[in-house]
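Coordinate inspection notes
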Amino acid sequence: MKLFEQICPPNHVNCCKVGSNLIRGQWTIRMTSTTHKSSLSANLMINNLEVNNIVSNEANSLKDEIYLIKGKTFKFLSLREQFSLPLLTKIYDEIMKPNFPIESELDPLEVWIRNLTHKGKQPFVPVMHINVCFEAVPNQIGNEPHFDNIAGISVFEYYEMSQCGLLTYFVVCEKYRSFGIGKTLVYQAYNYSKNELYMKGKSSRWESLNNALSCVRSWNGGGETTIVQLTKAQMGQLHFAQKFLEIYSQYMSLKEQHADLKPILDVEEDEFYFFAETNAIGVHDGVMPSEQRHKVMRNIGFCCIDFDYIQPPVTDDDDALFCDDLLLLSLEIDGDSRTKSDSELRAVPVFKIKCWLLELIYTVYREDVRKAMFDDYFQYMMKDADKRGIRIKMYRDPVAWNRRTQFQVKTGEGHHHDLHVHHNNGEHKLSKL
């Protein structure tokens, strides 16, 4: 929900993770089995820079992954796989806090610790990952990173019910912005999130739904359970499940009405999508003009979804604000059933968008999710999605990125006014390079 796009400029080195093909000037991703081990050692000239990528690990792990770029050695690790409280605390206090000084923009450290270390099943709660890149001197390779050498981080989540990923925070430290680390972190996040889908299986959403509803049925020892007897947390899960089934039922009815699109929809509704947010045109954050940021995001491979997106509040505090000056993006990757062009690319099924938005507000409100479902901004997004048809288009064409969300808030007595919420005295700080 919060994107800090500290992305290096385009045309810098593009690196790749094991399971990827690295070719001059572009990325292609090849998913590999999570049990398949591979090794790679190659010296390549990319954008006139020599890159030595030495990898020997499992496809879904960053352990022992090393990049030699422009005479520097970089290593990546996953804090979900190799949790380190001192390292996480260092990142939070010295990288995140200075760049997100407004408390409502940043999740509490305790939330990160809980989400990274929780190994059990949390119904309808996304799986959180944090990947860290650091410069490793020769005698440090294979050891814990020196905290002063952190080059960048990515924070991202996998949403099981919609089978989508979201890039939530993204930072490349200033002195490392010419090494291609930004693009590397984005594609690693994509790969990790998509791996979650393959590991869990595409039927996992229904298993989660049935498990949650089974819990409702058995909360009083298998006897009859009334709504009054459910706890607040249980009520939140029940309301989520009911809304999800409502969204899915509406989508299935639409599919019957569009028999000509059924083959496409059958594929798209089970495909993986990786979302991100960026400032809308004309939004100034004091770091980079939105037009320049859009160009960077397009060069990475992001497309703009033709949808009036409103970022939900990042906390459930009564004074927390939503934000409607953002665009919702989706990462489209060469060699992964997509092609780069300025024309319309593939689309996102309306079911995916609406389900993901439901998961998004559930992560914030949990037991009070039903109340959030009736908030004006959420109702507006649901209606706007319905107006877009059964498939919501995505574009890389720069003209299509000039859109703005047109949201009006009721002010009483039937009157409306346009509202564009900005943080920090008009500067939106959640998305900047």
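Fair warning: this is a prediction, and the values are worked out from it, not measured in the lab.

As for the packing of aromatic side chains
Counting across every chain of the model gives 24 aromatic pairs. Every member of this aromatic cluster is reached through a ring pair, and the members are Tyr-159, Tyr-273, Phe-275, Tyr-309 and Trp-356. Across the ring face of Phe-179, the terminal group of Lys-70 is positioned such that the distance to the ring centre comes to 4.8 Å. Seen from the ring of Trp-401, Arg-298 lies directly overhead, with NZ or CZ sitting 5.1 Å from the centre.

Structural notes on the nonpolar core
Counting 61 residues, the largest nonpolar core has Met-96 and Trp-112 as the members making the most contacts within it. Non-local contacts of Met-96, meaning those with residues more than four positions away in its chain, are made with Ile-91, Leu-106, Trp-112, Ile-153, Tyr-169 and Val-171.

Structural notes on the pairing of strand β9 (residues 164-172)
Within β9, nine of the nine residues are buried, which leaves the element mostly enclosed by the surrounding structure. When strand β8 (residues 150-159) meets β9, the two strands line up antiparallel, connected through eight bridges. When the bridges of β9 are listed, Ser-154 appears paired with Phe-170. Linking β8 to β9, which pair antiparallel, is a turn of four residues; within it Gln-163 sits at a positive phi near 60°. For β9 and strand β10 (residues 273-279), the ladder comprises three bridges, and the chain directions are parallel. Bridged to Gly-165 within β10 is Phe-274.

Examining the environment of Arg-391
Assignment of secondary structure puts Arg-391 in strand β14 (residues 391-395). Of the polar contacts made by the side chain of Arg-391, one reaches the side chain of Glu-268; its length is 2.7 Å.

Here we look at the pattern of salt bridges
Under the defined criterion, the tally for this structure stands at 14 salt bridges. Two residues, Glu-246 and Lys-243, come together in a salt bridge whose shortest N-O distance is 3.2 Å. Of this pair, Glu-246 and Lys-243 both sit in helix α5 (residues 232-257), separated by three residues, roughly a single helical turn. Note that Asp-308 is salt-bridged to Arg-388, the shortest N-O span being 3.5 Å. Separated by 80 residues along the polypeptide, Asp-308 in the loop between β11 (302-305) and β12 (326-331) and Arg-388 in the loop between α10 (376-387) and β14 bring together distant segments of the chain. A relative accessible area of 28% places Arg-388 in the partly exposed class.

Remarks on a negative patch on the surface
Judged by side-chain charge, Asp-316, Asp-317, Asp-318, Asp-319, Glu-367 and Asp-368 come together as a negatively charged surface patch. Structurally, Asp-368 can be placed in the loop between α8 (350-365) and α9 (369-373).

Some remarks on the side chain of Thr-405
Position of Thr-405 among the secondary structure elements: in the loop between β14 and β15 (408-412). On the accessibility criterion, Thr-405 (2% relative accessible area) is buried. For Thr-405, the side chain forms a polar contact with the main-chain oxygen of Tyr-309, separated by 3.0 Å.

Brief notes about helix α1 (residues 85-99)
With 15 residues, α1 should reach 21 Å at 1.5 Å per residue; the first-to-last C-alpha distance of 20 Å fits that figure. If you look at α1, its biggest bend is around 30°, right at Tyr-92. For α1, every residue scored as buried is listed here: Leu-87, Leu-88, Lys-90, Ile-91, Tyr-92, Ile-95 and Met-96. Two or three places before Leu-87, at the start of α1, stands the capping residue Ser-84, its side-chain oxygen 3.3 Å from that residue's backbone nitrogen.

Concerning the confidence of the model for the protein chain
Per-residue confidence for the protein chain averages 74 on the pLDDT scale, and 69% of its residues sit at or above 70. Below a pLDDT of 50 lies the segment residues 337-343, which in the model reaches 16 contacts outside its immediate sequence neighbourhood of four places, other chains included. Considering only residues more than four positions removed or in separate chains, one finds that residues 411-433, a stretch of pLDDT under 50, has 77 contacts.

With respect to the packing of α8 against α10
Packed helices, taken two at a time, are described by the angle between their axes plus the distance between the axes. For the pair α8 and α10, the least separation of the axes is 9 Å and the interaxial angle reads 170°. By the angle between their axes, α8 is roughly antiparallel relative to α10. Note on element contacts: α10 touches α8 through Tyr-377, Phe-378, Met-381, Met-382, Ala-385 and Asp-386, opposite Val-350, Lys-354, Leu-357, Leu-358, Ile-361 and Tyr-365. Split into classes, the residues belonging to the contact of α8 with α10 amount to 10 nonpolar, no polar and two charged.

What about the environment of His-294?
Residue placement: His-294 occurs in helix α7 (residues 290-300). In this view, His-294 contacts Thr-278, Asn-279, Ala-280, Ile-281, Leu-327 and Trp-401; residues no more than four positions away in its chain are not counted.

Brief notes about the pairing of β11
Here β11 shows a buried face lined by Phe-302 and Cys-304 and a second buried face lined by Cys-303 and Ile-305. With three bridges joining them, β11 and β12 adopt antiparallel strand pairing. By the bridge assignment for β12, Phe-302 is matched with Leu-331. Pairing of β11 with β14 involves two bridges; the strand directions are antiparallel. When the sheet's bridge partners are listed, Ile-305 is paired in β14 with Met-394.

Things to note about the packing of α1 against helix α2 (residues 109-117)
Relative orientation of the contacting elements α1 and α2 amounts to 145°, with a least axis distance of 11 Å. Crossing handedness for the pair α1 and α2: right-handed. On α2, the residues that touch Leu-85, Leu-88, Thr-89, Tyr-92 and Met-96 of α1 are Leu-109, Trp-112, Ile-113 and Leu-116. Tallied by class, the residues present in the contact of α1 with α2 amount to eight nonpolar, one polar and no charged.

What counts as what
- Residues numbered from 1 in each chain as written.
- Predicted model: local features only at pLDDT ≥ 70, side-chain atom pairs only at ≥ 80, totals over all residues.
- Heavy atoms only, no water.
- Phe/Tyr/Trp six-rings, centres within 6.5 Å; stacked < 30°, edge-to-face > 60°.
- Lys NZ or Arg CZ within 6 Å of the ring centre and 35° of its normal.
- Core = buried A, V, L, I, M, F, W, Y, C linked by side-chain atoms within 4.5 Å.
- Buried < 20%, exposed > 50% of the residue type's maximum accessible area, 1.4 Å probe, protein only.
- Contact = heavy atoms within 4.5 Å.
- Helix = DSSP H or I, 4+ residues; strand = E, 2+ residues; numbered from the N terminus.
- Pairing = 2+ DSSP bridges.
- Polar contact = N/O pair within 3.5 Å; in protein donor to acceptor, adjacent residues only side chain to side chain.
- Salt bridge = Lys/Arg side-chain N within 4 Å of Asp/Glu carboxyl O.
- Patch = residues over 30% accessible without salt bridge, like charges linked within 9 Å, V, L, I, M, F, W, Y side chains within 5 Å.
- Areas by Shrake-Rupley, 256 points an atom, 1.4 Å probe, with all protein chains shown as cover.
- Lys, Arg positive; Asp, Glu negative; His and termini not counted.
- Charge placed at Lys NZ, Arg CZ, Asp CG, Glu CD.
- Expected span 1.5 Å × (residues − 1).
- Bend = angle between axes of the 7 residues up to and from the residue.
- pLDDT = per-residue confidence, 0-100.
- Axes fitted to C-alpha atoms, helices over the stretch in contact; angles between N-to-C directions.
- Parallel < 35°, antiparallel > 145°, perpendicular 65-115°, else oblique.
- Nonpolar A, V, L, I, M, F, W, Y, C, P; charged D, E, K, R; others polar.
- Left-handed = near helix turned anticlockwise from the far one by under 90°.

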